[in-house]
Amino acid sequence: MATRRLLLLSPASCLRRTTALGAAAAPGLRRGYSSADSSQHLHRSIVPTMHFQKSLPRLPVPKLEDTVRRYLNAQKPLLDDDQFRKTEELGRSFEHGIGRELQEQLVAQDKQNKHTSYISGPWFDMYLSSRESVVLNFNPFMSFNPDPKAEYNDQLTRATNMTVSAIRFLKTLRAGYLEPEIFHLSPDKSDTQTFRRLIRFVPSSLSWFGAYMVNAYPLDMSQYFRLFNSTRLPKLSRDELFTDEKAKHLLVLRNGNFYVFDVFDRDGNIVKPSEIQAHLKYILSDNSPAPAFPLAYLPSENRDIWALLRQKLLNNGNEEVLQKVDSAVFCLCLDDFPIKDLVHLSHTMLHGDGINRWYDKSFNLILSKDGNAAIHFEHSWGDGVAVLRFHNEVFKDSTQKPAVTPQSQPAAVDSSSAVQKLSFKLNDALKAGITKAKQNFDATMETLTLDFIQFKKGGKEFLKQKKISPDAVAQLSFQMAFLRQYGQTVATYESCSTAAFKHGRTETIRPASIYTKKCTEAFVRQPPKHSTEELQQMIAECSKYHGQLTKEAAMGQGFDRHLFSLRYLAASKGIPLPDIYQDQAYAQLNHNILSTSTLSSPAVNIGGFAPVVPDGFGVAYGVHDDWIGCSTSSYPARNVHEFLQCVHKSLEDIFHVLEGKHINS
């Protein structure tokens with residue numbers, strides 16, 4: 001299914017979030033927490049972490065007529081008149097026929113399940129029932145910026161500091177001390193100590209309303225517990241999510257070898273950083289060669305194949321070691337090579353060589369030989385909002401309050417007894433399975449191309465001066481680039497978080513519209529026919545409409561999730577697939593050739609993901625104050641280098657027009 005990856009973040013850059021980096025962005029603000037015990041916790045929020053969870057609003061089920069209207073609006077730029085008439089007829093027939101019955105059932109079902117959202121169950125099912133490999137098809141990455149203090153980017157130093165900060169995050173979260181995640185529309189009123197002191201006394205059943213009164217929007221945090229001690233377990237037909245919060249050990253992978261050691265003592269306190277440093281130094285000094293049959297290839301397989309092989313592992317006496325892998329706090333991956341450039345970084349963090357990741361863990365924290373770091377995460381358990389919060393907090397804590405320095409001496413402890421190297425018992429069938437998994441992995445990775453551009457002639461500040469949405473301009477440049485390269489407008493997907501609602505996941509923004517089609521054709525095919533003022537007006541129309549789509553999606557008023565849920569309901573009730581879903585135009589709209597997601601944070605260097613269809617692009621981008629970055633992937637059916645050249649040209653043309661200049665065709 002082409003809409004499967006929910007990727008990184010919504011484009012709600014107009015909203016201000018309280019996160020670890022909120023303070024860095026506004027140093028004059030007083031934070032809503034005390035310092036707590038800095039060796040064990042990140043901070044101690046005076047407002048409990050889950051204070052707003054109980055009173056979060058529920059994700060609305062859109063009206064069926066609104067969904068059909070929005071669906072047809074998204075189809076219009078992709079179809080000719082005859083195709084659109086047929087699709088419109090099917091849409092209206094669905095709206096007044098079987099769709100109405102399904103809508104009534106969905107609304108009734110939703111009313112009986114007020115503890116969750118109508119999309120949560122079907123969306124988990126969609127992820128966990130997919131039989132495709134999680135590598136490239138689902139798991140994205142986001143890399144950290146380097147530590148500002150260069151000497152702290154030493155692999156051992158940074159691995160120790162990031163590990164300690166990650167475990168501090170875990171302890172802060174589980175103690176209820178982690179500051180709640182909030183969007184602030186009026187930060188002068190809500191991102192203040194006064195607000196926090198007052199809101200903490202409002203009962204949880206009402207607290208959301210108190211925040212709403214000052215234009216603050218608490219976000220759902222129900223996914224956060226899956227960050228740690230969690231793994232996606234392969235099962236035939238449908239995988240399972242496994243979490244064991246009692247486990248105290250860290251899983252470390254190096255050169256395809258597996259190691260574990262405890263990061264909590266018997267009282268639940270974090271082991272001394274100098275001891276963690278000593279254990280990691282011990283692992284880094286182990287000269288063991290890579291295993292002849294690296295187990296880590298198996299989670300990259302088709303899920304049913306992996307499920308059968310996992311059962312063979314269990315049957316062959318590996319239950320205890322697999323339990324250690326699955327229950328580990330998280331997976332730390334120590335690579336033995338430096339990063340050459342951003343393209344090499346993207347390949348390394350998105351998929352690597354297959355032997356030094358455990359792709360099923362909720363996340364892998366990866367550190368290269370030169371201290372480049374990234375989070376690679378499995379996507380079924382949660383979305384970008386939770387992972388980015390974790391990413392930001394770890395970056396802030398590890399750089400501002402590092403647990404060790406480059407001069408720190410590792411503790412004088414017996415790491416040879418504290419660190420356990422895991423050994424797997426492999427029979428001929430398992431060895432054959434690993435060999436086949438490696439062949440499949442290598443063949444697939446060879447087909448993926450990644451590239452990156454930076455447009456340095458302007459960014460968010462200039463666009464806001466012109467009262468144009470920065471996200472709309474980025475999306476317009478992708479539409480323009482594809483038209484310039486391939487001569488058509490195609491299905492485009494932009495992920496948007498619905499975390500403002502209880503158990504919200506994501507919604508789709510459909511950036512390809514009649515407005516972008518008109519604008520891109522004017523820029524690419526007919527620039528001399530239009531005055532600069534006319535082109536400026538077209539950009540403004542695109543911006544306004546994109547802003548409307550973004551707002552609707554963030555408020556749970558898109559159409560993709562609603563249509564998906566109605567289809568899921570029909571299948572679960574044994575109802576024949578309604579005609580709207582059998583329309584070629586529906587399949588085409590959900591074959592997302594341009595799959596896009598935006599990510600912006602002072603902690604993030606670059607993020608990325610693979611295309612969701614063989615003839616698509618995976619476009620991760622960020623609009624910064626004075627530049628725009630775009631990291632894009634493709635398979636052989638598309639030319640990613642040429643596409644990015646076209647994106648750069650499109651951005652140049654858009655900025656030229658907004659500056660009041662003429663463009664050359």
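Residues numbered from 1 in each chain as written. Predicted model: local features only at pLDDT ≥ 70, side-chain atom pairs only at ≥ 80, totals over all residues. Heavy atoms only, no water.

### Focus: the overall build of the protein
1) Next: Looking only at helices and strands, the protein has 24 helices and 21 strands in total.
2) Next: Its C-alpha atoms give the protein principal-axis dimensions of roughly 75 × 60 × 55 Å.
3) Next: Scored against the burial criterion, the 665 residues of the protein give a buried share of 61%.
4) Next: Once local pairs closer than 6 in sequence are excluded, the contacts in the protein between residues at least 24 apart make up 79%.
5) Next: Between the centroid of the 77 positive side chains of the protein and the centroid of its 70 negative side chains there is a distance of 4 Å. (Helix = DSSP H or I, 4+ residues; strand = E, 2+ residues; numbered from the N terminus. Buried < 20%, exposed > 50% of the residue type's maximum accessible area, 1.4 Å probe, protein only. Contact = heavy atoms within 4.5 Å. Lys, Arg positive; Asp, Glu negative; His and termini not counted. Charge placed at Lys NZ, Arg CZ, Asp CG, Glu CD.)

### Brief notes about the UniProt feature "active site" (unreviewed entry) in the protein
1) Next: When the UniProt feature table is mapped onto this chain numbering, "active site" (unreviewed entry) sits at H379.
2) Next: If you trace the backbone, H379 turns up in the loop between β13 (373–377) and α14 (384–400).
3) Next: With a relative accessible area of 0%, H379 lands in the buried category. (UniProt positions renumbered as here; feature names shortened; annotations may be inferred.)

### Details of the packing of aromatic side chains
1) Next: Overall, the coordinates contain 29 aromatic pairs when judged by the stated rule.
2) Next: Relative to F559, the ring of Y71 has its centre 5.8 Å away and its plane inclined at 70°; by these criteria the two rings are edge-to-face. Highlighted residues: Y71 in helix α2 (residues 64–75) and F559 in the loop between α20 (532–554) and α21 (560–572), separated in sequence by 488 residues.
3) Next: On the accessibility criterion, Y71 (0% relative accessible area) is buried.
4) Next: Residue F559 is classed as buried on the basis of its relative accessible area of 6%.
5) Next: Ring geometry for W208 versus F209: centroids 5.2 Å apart, planes at 90°, classification edge-to-face.
6) Next: Exposure remark for W208: the relative accessible area of 10% places this residue in the buried category.
7) Next: Here the aromatic cluster, defined as three or more aromatic residues joined through ring pairs, consists of Y71, F94, F559, Y581 and Y586. (Phe/Tyr/Trp six-rings, centres within 6.5 Å; stacked < 30°, edge-to-face > 60°.)

### Digging into unusual backbone geometry
1) Next: The phi dihedral of N229 falls on the positive side, at around 55°, and the residue is not glycine.
2) Next: Summarising the element assignment, N229 is placed in the loop between β6 (216–218) and β7 (230–233).
3) Next: Of note, H503 is a non-glycine position whose phi angle comes to about 55°, a positive value.
4) Next: Assessed through its relative accessible area of 22%, H503 is described here as partly exposed.

### Details of the sheet that holds strand β4 (residues 141–144)
1) Next: Strand order across the open sheet formed by 8 strands is β14-β10-β9-β11-β12-β13-β4-β19, with mixed pairing between neighbours. Of all the strands in the sheet, the pair left with one neighbour each is β14 (420–421) and β19 (604–608).
2) Next: The pairing of β4 with β13 spans 3 bridges and is classified as antiparallel. Residue pairing for β13: M142 is matched across the bridge by I375.
3) Next: Contacts from helix α12 (residues 319–327) reach β9 (249–254), β10 (257–262) and β14 within the one sheet, and its direction differs from that of β9 by about 100°.
4) Next: Its contacts with the sheet place helix α13 (residues 342–350) against β4, β12 (363–367), β13 and β19, and it is angled at close to 60° to β19. (Pairing = 2+ DSSP bridges. Axes fitted to C-alpha atoms, helices over the stretch in contact; angles between N-to-C directions.)

### Topic: the sheet that holds strand β15 (residues 449–455)
1) Next: Taken in spatial order, the 6 strands of this open sheet run β15-β21-β20-β18-β16-β17, and their pairing is mixed. A single partner strand is all that each edge strand has here, and the edge strands are β15 and β17 (506–509). The mean angle between the axes of side-by-side strands here comes to 25°, regardless of whether they run parallel or antiparallel.
2) Next: Here 7 bridges tie strand β20 (residues 617–623) to strand β21 (residues 628–634), and the two strands are oriented antiparallel to one another. Residue pairing in the sheet places Y621 in a bridge with C630 of β21.
3) Next: Of the strands in this sheet, β15 and β21 touch α13, which is tilted by about 130° from β15.

### Observations concerning the packing of α2 against helix α3 (residues 81–96)
The angle between the axes and the distance between the axes are what describe a pair of packed helices.
1) Next: Running from N to C, α2 and α3 cross one another at 170°; their axes reach a closest spacing of 10 Å. By the angle class used here, α2 and α3 are roughly antiparallel. Here L64, E65, V68, Y71, L72 and Q75 of α2 come into contact with α3, specifically with F84, T87, E88, G91, R92, F94 and E95.
2) Next: A breakdown of the residues in the contact of α2 with α3 according to their chemical character gives 6 nonpolar, 3 polar and 4 charged. (Parallel < 35°, antiparallel > 145°, perpendicular 65-115°, else oblique. Nonpolar A, V, L, I, M, F, W, Y, C, P; charged D, E, K, R; others polar.)

### Digging into the pairing of β19
1) Next: Burial within β19 is extensive, with 4 of its 5 residues counted as buried.
2) Next: Pairing of β4 with β19, which is carried by 3 bridges, proceeds in the antiparallel orientation. Within β19, the residue paired with M142 across the bridge is G607.

### Digging into the UniProt feature "domain: Choline/carnitine acyltransferase" (unreviewed entry) in the protein
1) Next: Sites flagged by UniProt as "domain: Choline/carnitine acyltransferase" (unreviewed entry) map to residues 59–648.
2) Next: Helix makes up 44% of residues 59–648 and strand makes up 15%, while its end C-alpha atoms are separated by 38 Å.

### Some remarks on the confidence of the model for the protein
1) Next: Residues of the protein with pLDDT of at least 70 account for 94%, and the chain-wide mean is 93.
2) Next: In this model residues 1–36 is a low-confidence stretch, pLDDT under 50, and it forms 148 contacts with partners more than four residues away in sequence or in other chains. (pLDDT = per-residue confidence, 0-100.)

### Examining helix α6 (residues 155–174)
1) Next: Taking 1.5 Å of rise per residue, 20 residues should cover 28 Å, and α6 covers 28 Å from first to last C-alpha, within 8% of that figure.
2) Next: The element α6 is extensively covered by neighbouring structure, given that 19 of its 20 residues are classed as buried.
3) Next: Positive phi shows up at G176, right after α6, with a value of about 80°. (Expected span 1.5 Å × (residues − 1).)

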